[in-house]
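# Summary of structural features
Listed here are the chains, written in short residue letters.
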Amino acid sequence: MKKRRFRLKRFYVIFVGGCPGVYESWNDVWRYVKDYSKPVYKKFYSRRAAEEAFYSRSQSSYDPQKSFEWSHPRLKNK
């Protein structure tokens, strides 16, 4: 009888990269950080922890004096 391996679901957060956010697939993360200079990303084992880390970091780095612009073309304002 084969043993089944229980695999934990993983969530990834891109803090600095082509398209910051929370992702469930490493392939999606890799697509947005591979060509980016000095990307910042981290793996989490729960969606809640990933979202809390992403939102707490994005709120703490918010500066109303700076203008914000998405770095990924599909997210830029038209």
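All values derive from a computational prediction rather than experimental measurement.

## Re the overall build of the chain
Scanning the chain from N- to C-terminus turns up two helices and three strands. Along the chain, helices and strands appear, N-terminal first, in the series β-β-α-β-α. Relative to its full complement of 78 residues, the chain shows a buried share of 23%. Taking all contacts inside the chain whose residues are at least 6 apart in sequence as the whole, residues at least 24 apart take part in 55%. Roughly 7,100 Å² of accessible area belongs to the chain as shown, and the carbon and sulfur atoms make up 50% of that amount.

## Some points on a nonpolar patch on the surface
A contiguous nonpolar patch, built from Phe6, Leu8 and Tyr45 and spanning about 390 Å² of accessible area, is present on the exposed surface. With respect to the secondary-structure elements, Leu8 resides in the segment before β1 (11-16). Assessed through its relative accessible area of 46%, Leu8 is described here as partly exposed.

## Here we look at unusual backbone geometry
Positive phi outside glycine occurs at Lys38, with the angle close to 55 degrees. Within the secondary structure layout, Lys38 lies in the loop between α1 (26-33) and β3 (40-44). On the basis of relative accessible area, Lys38 is assigned to the exposed category, the value being 74%.

## A few points about the environment of Arg10
By the secondary structure assignment, Arg10 is in the segment before β1. Arg10 sits in the partly exposed class, given a relative accessible area of 25%. Separated by 15 residues in the primary sequence, Arg10 and Ser25 place their C-alpha atoms 7.8 Å from one another. Ignoring anything within four residues of it in the chain, the contact list for Arg10 reads Tyr23, Glu24, Lys43, Phe44 and Tyr45.

Rules used in this analysis
- Numbers given to residues run from 1 along each chain, matching the order in which its sequence is written.
- In keeping with the predicted nature of the model, local features appear solely for residues at pLDDT of at least 70, side-chain atom pairs appear and are counted solely at 80 or more, and the whole-chain, interface and lining totals rest on all residues.
- Side-chain numbers come from the whole structure's heavy atoms, not from hydrogens or water.
- Secondary structure elements are defined from DSSP: runs of H or I of at least 4 residues count as helices, runs of E of at least 2 residues count as strands, and each element is numbered from the N terminus.
- The cut-offs for exposure are 20% and 50% of the maximum accessible area for each residue type, with area from a 1.4 Å probe on protein chains only; residues under the lower value are buried, those over the upper are exposed, and the others partly exposed.
- In what follows, a contact means two residues having at least one pair of non-hydrogen atoms within 4.5 Å.
- Per-residue and other accessible areas follow the Shrake-Rupley method at a 1.4 Å probe size, with only the shown protein chains counted as cover for residues.
- Only residues whose relative accessible area exceeds 30% and that form no salt bridge are eligible for patches; like-charged ones are grouped when within 9 Å, while nonpolar side chains (Val, Leu, Ile, Met, Phe, Trp, Tyr) are grouped when within 5 Å.
- Any carboxyl oxygen of Asp or Glu within 4 Å of a side-chain nitrogen of Lys or Arg constitutes a salt bridge here.

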